[in-house]
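# What the coordinates show
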Amino acid sequence: MLKKEKYDGFFGGLYKRNEIYLLLSTAILLISVLLGYAFAGLLSPFLAGMLSSLKNNAVQGQIQLQTLPIFEKNLDIILIIYIGGILFGVGTAIYLIFNGIFNGYAATQFPLGNYILYNIPYGIPEFVGIIISGAAGFRLASCIYHIFNGLTHMRSDISQTNQFRYIIEMNMDEFWESIKLLVIAIVFLLIAAFIEANLSIAWANYIKTAI
């Protein structure tokens with residue numbers, strides 16, 4: 001059962017209750033990006049084909065530079081990260097690591113200045129959204145762990161149904177906490193998709209001509 005902070009406000013309380021998961025998600029993603037960048041040569045045999053496929057899909061128009069298609073693609077990613085929490089957080093960690101490594105590797109395949117220029121406007125809210133979805137996955141993992149822990153301590157002299165209901169009710173706060181984080185992550189991804197579809201290229205081209 002989560003401790004409610006009366007005077008923190010919605011976002012302040014949400015952050016405090018999930019600070020460890022947000023920091024863990026941030027650390028995993030950042031370290032993975034750095035590893036992907038540093039070991040790009042070793043990773044190329046495994047990731048070059050995937051990056052090439054993404055490039056070809058973009059050129060052929062299969063990846064549309066419109067808000068909704070971009071949002072739907074990114075939504076799939078964070079839902080996978082979140083649902084990975086069901087496996088006690090292992091799935092969440094794996095998808096965060098892969099996402100970070102792939103992005104780090106991708107950064108080495110373009111001129112670094114151009115990569116940063118074209119990606120940073122939407123990359124910041126997208127990055128934040130992925131971090132928060134990771135925290136949501138870890139909070140879901142905590143909920144699952146506490147439910148299983150409660151189930152292993154059920155007593156035989158008390159109604160099993162009542163005990164099960166009590167265990168679920170005691171951990172519903174954590175489940176809804178994970179949903180709140182997921183919804184916030186989705187909002188960030190929607191913002192990122194709008195920026196990527198409508199502003200990023202124009203902004204980067206303007207900066208390049210102004211320099």
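This prediction gives the protein a mean pLDDT of 90; 92% of its residues lie at or above 70. Ranking the elements of the protein by mean pLDDT puts helix α7 (residues 200-210) last with 83 and helix α4 (residues 90-107) first with 96.

Looking at where E196 falls in the secondary structure, it is placed in helix α6 (residues 160-198). For E196, which is buried and forms no salt bridge, the nearest opposite charge comes from K73, at a distance of 5.6 Å. Apart from residues no more than four positions distant in its own chain, E196 is found in contact with L65, I70, Y122 and E126.

On to the pattern of salt bridges, then. For the structure shown, the criterion picks out 4 salt bridges. Here the salt bridges share partners, and the residues they tie into one network are R17, E177 and K180.

Take the nonpolar core next. Counting 28 residues, the largest nonpolar core has I78, L96, I130, I132, F138 and L181 as its most contacted members. Of all the elements in the fold, those that place two or more residues in this core are α1 (9-38), α3 (67-83), α4, α5 (112-151) and α6. Here this core gets 8 residues from one element, more than from any other, and that element is α5. The contact partners of I78, leaving out residues within four places of it in the chain, are G129, I130, S133, L182, A185, I186 and L189. With 10 residues, the next largest nonpolar core counts F102, A106, A107 and Y115 among its residues.

With that out of the way, let us pick up the packing of aromatic side chains. Applying the stated criterion across every chain, the model contains 5 aromatic pairs. Taking the centre distance of 6.3 Å and the plane angle of 20° together, the rings of F98 and F102 count as stacked. With F98 and F102 both in helix α4, this residue pair falls 4 residues apart, about one helical turn. Judged by its relative accessible area of 40%, F98 is partly exposed. Between F175 and W176 the ring centres are 5.2 Å apart and the planes differ by 65°, which places this aromatic pair in the edge-to-face class.

Reading guide: rules and limits
Residues numbered from 1 in each chain as written. Predicted model: local features only at pLDDT ≥ 70, side-chain atom pairs only at ≥ 80, totals over all residues. Heavy atoms only, no water. pLDDT = per-residue confidence, 0-100. Helix = DSSP H or I, 4+ residues; strand = E, 2+ residues; numbered from the N terminus. Buried < 20%, exposed > 50% of the residue type's maximum accessible area, 1.4 Å probe, protein only. Lys, Arg positive; Asp, Glu negative; His and termini not counted. Salt bridge = Lys/Arg side-chain N within 4 Å of Asp/Glu carboxyl O. Contact = heavy atoms within 4.5 Å. Core = buried A, V, L, I, M, F, W, Y, C linked by side-chain atoms within 4.5 Å. Phe/Tyr/Trp six-rings, centres within 6.5 Å; stacked < 30°, edge-to-face > 60°.

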